[in-house]
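Structural characterization, general
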Amino acid sequence: MQKYYESDADPGTLEGKTIAVIGYGSQGRGQALNLRDSGCQVVIGLRPGSSWQRASEDGFEVYSVTEAVKRADIIQILLPDENQAGVYRAEISPNIRENACLMFSHGFNIHYGQIVPPPTVDVVMVAPKGPGHMVRRTYEEGKGVPALIAIHQDATGKAHAIALAYARGIGATRAVVLETTFAEETETDLFGEQAVLCGGITSLIKAGFETLVDAGYAPEMAYLEVLHETKLIVDLIYEGGFTKMRDSISNTAQYGDLTRGPRVIGPETYVAMQEILEEIQNGEFAKEWMLENMVNRPVFNALTRADEEHLIEQVGKEIRGFMPQFRK
Ligand SMILES: NC(=O)C1=CN([C@@H]2O[C@H](COP(=O)(O)OP(=O)(O)OC[C@H]3O[C@@H](n4cnc5c(N)ncnc54)[C@H](O)[C@@H]3O)[C@@H](O)[C@H]2O)C=CC1
Ligand SMILES: CC(=O)[C@](C)(O)C(=O)O
Ligand SMILES: [Mg+2]
Ligand SMILES: [Mg+2]
């Protein structure tokens with residue numbers, strides 16, 4: 001597998017180029033601040049609202065999406081996936097320059113045909129494998145979040161160099177940059193966030209919390225055991241795999257881990273994961289998500305609200321209030 005680091009990227013590729021970051025949320029703010037600190041010329045494209053104000057307060061030139069695109073050599077679309085196609089049709093497509101570079105941090109809209117760029121532009125992806133806030137925090141710590149790059153279209157012959165230089169600008173080459181395709185990034189990212197990173201973990205934590213509370217244990221105990229400590233355990237896995245974590249926990253815990261873990265995440269979990277992956281690969285999930293947005297996200301809103309009202313969220317707020325480390 002081809003790996004790229006700082007020395008593989010030529011910052012000169014972006015010399016004199018204007019990068020328009022469209023959207024200033026989790027990824028947009030993180031990437032724009034890092035790019036500017038890396039010496040890149042950045043403007044922000046937004047609609048009026050709180051993001052516009054924040055970007056201005058951070059010292060960026062902020063324009064409408066239309067005006068930002070007109071000024072840009074590289075257009076990094078960091079809008080919500082569900083909004084990208086509409087903004088692309090209305091404001092980006094009519095104003096994008098020939099030989100410009102259209103960039104994404106997730107392949108959803110290209111992979112599922114929501115956006116079909118003209119053949120005259122480069123189309124690349126630079127996808128951090130981490131939340132936008134961490135892209136910024138690690139950069140400020142002198143480190144980086146790994147990223148994937150992919151080339152969908154190379155109209156200028158410079159698409160790869162631009163993607164690498166951009167990845168360097170956001171700090172990703174300090175960690176590692178791997179090459180992929182829009183299809184592979186889209187399908188693995190959707191699967192990862194649904195089955196493990198977000199959906200799987202929150203469901204596992206909630207099930208553990210509810211099991212203890214329903215058995216009569218104090219919610220505070222349950223919270224510390226199955227939520228707070230999860231970070232501490234996962235940090236060790238992050239640093240050195242299952243081995244490092246198992247070197248650190250007790251033998252009692254390790255025996256329970258190895259013998260009871262597969263009873264919690266068993267064969268039926270594998271079946272569910274395969275079904276989820278199938279829905280991603282055949283476009284079912286993408287269609288469901290786009291339809292959900294067309295009717296103002298009833299399921300998204302109801303399930304989000306239910307979890308916000310879950311006891312674990314109330315208890316969590318209370319416990320974090322006990323700990324000085326969480327006090328601003
Ligand atoms: N959140 C994350 O950490 C990651 C996100 N991504 C990808 O990055 C892209 C952006 O995602 P996030 O940063 O999470 O988005 P976000 O929801 O945090 O921010 C979206 C930004 O776009 C602006 N916006 C929304 N609709 C707009 C419109 N119609 N016109 C102009 N501005 C508009 C919002 O005001 C906000 O500033 C997506 O493709 C996502 O899949 C990729 C890796 C990780
Ligand atoms: C943070 C990240 O990588 C995700 C979970 O894929 C996302 O926010 O889309
Ligand atoms: Mg992701
Ligand atoms: Mg994602």
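Residues numbered from 1 in each chain as written. Chains lettered and ligands numbered in written order. Predicted model: local features only at pLDDT ≥ 70, side-chain atom pairs only at ≥ 80, totals over all residues. Heavy atoms only, no water.

Looking at an unreviewed UniProt entry, one finds the protein chain named Ketol-acid reductoisomerase (NADP(+)) and attributed to Methanoculleus nereidis.

**Here's the deal with the confidence of the model for the protein chain**
Keep in mind that low pLDDT regions are not for reading the predicted coordinates in detail. Per-residue pLDDT for the protein chain has a mean of 97; in total, 100% of the residues score no lower than 70. Scored by ipTM, the complex comes to 0.98, with pTM at 0.97. (pLDDT = per-residue confidence, 0-100.)

**Details of the packing of aromatic side chains**
Scanning all chains against the criterion turns up four aromatic pairs. Judged by centre distance (6.3 Å) and plane angle (80°), the ring pair of Phe104 and Phe182 falls under edge-to-face. Highlighted residues: Phe104 in strand β6 (residues 101-104) and Phe182 in helix α8 (residues 182-197), separated in sequence by 78 residues. On the basis of relative accessibility, which here comes to 6%, the residue Phe182 falls in the buried class. With a centroid separation of 5.1 Å and an interplanar angle of 65°, the aromatic rings of Phe108 and Tyr112 are classed as edge-to-face. Phe108 gets classed as buried once you look at its relative accessible area, which sits at 2%. A residue is classified by how much of its surface remains accessible, and Tyr112, at 17% relative accessible area, is buried. Sitting over the ring of Phe60, Arg36 keeps its end group 4.1 Å from the ring centre. In this structure, Arg297 is placed above the aromatic ring of Phe300, and the distance from its NZ or CZ to the ring centre is 4.5 Å. (Phe/Tyr/Trp six-rings, centres within 6.5 Å; stacked < 30°, edge-to-face > 60°. Helix = DSSP H or I, 4+ residues; strand = E, 2+ residues; numbered from the N terminus. Buried < 20%, exposed > 50% of the residue type's maximum accessible area, 1.4 Å probe, protein only. Lys NZ or Arg CZ within 6 Å of the ring centre and 35° of its normal.)

**Some remarks on the state of the cysteines**
Within this structure, the stated rule accounts for zero disulfides. Left without a disulfide partner, Cys40 is nearest to the cysteine sulfur of Cys101, which lies 13 Å away. Note on Cys40: relative accessible area 15%, which makes it buried. (Disulfide = S-S within 2.5 Å.)

**Structural notes on the coordination of the magnesium ion (ligand 4)**
Metal coordination angles in their ideal form are 109.5 degrees for the four-donor tetrahedron and 90 or 180 degrees for the six-donor octahedron. The protein atoms that coordinate the magnesium ion (ligand 4) are Asp189 (OD) and Glu193 (OE), at distances spanning 2.1 Å. Separation of the magnesium ion (ligand 4) from the magnesium ion (ligand 3) amounts to 3.5 Å, with Asp189 serving as a shared donor to the pair. Here the residue Asp189 and the residue Glu193 both occupy positions in helix α8, the gap between them amounting to four residues, near one helical turn. (Donors = N, O, S within 2.8 Å, 3.2 Å for Na, K, Ca; no water.)

**Side note on the site of ligand 2**
If you check the shell around ligand 2, you find Gly130, Pro131, Asp189 and Glu193 and nothing else. Asp189 places a side-chain nitrogen or oxygen 3.0 Å from an oxygen atom of ligand 2. Note that an oxygen atom of ligand 2 is positioned 2.6 Å from one of the side-chain N or O atoms of Glu193. Protein coverage of the free-state accessible area of ligand 2, which is 270 Å², stands at 60%. Partitioning the shell around ligand 2 into residue classes produces one nonpolar, one polar and two charged. (Near = heavy atom within 4 Å. Polar contact = N/O pair within 3.5 Å; in protein donor to acceptor, adjacent residues only side chain to side chain. Areas by Shrake-Rupley, 256 points an atom, 1.4 Å probe, with all protein chains shown as cover. Nonpolar A, V, L, I, M, F, W, Y, C, P; charged D, E, K, R; others polar.)

**Concerning the UniProt feature "active site" (unreviewed entry) in the protein chain**
Under the feature "active site" (unreviewed entry), the UniProt entry names His106. In this fold, His106 is placed in the loop between β6 and α5 (108-111). Once residues within four sequence positions are removed from consideration, His106 is found in contact with Asp81, Met125, Glu185, Thr186, Asp189 and Leu190. (UniProt positions renumbered as here; feature names shortened; annotations may be inferred. Contact = heavy atoms within 4.5 Å.)

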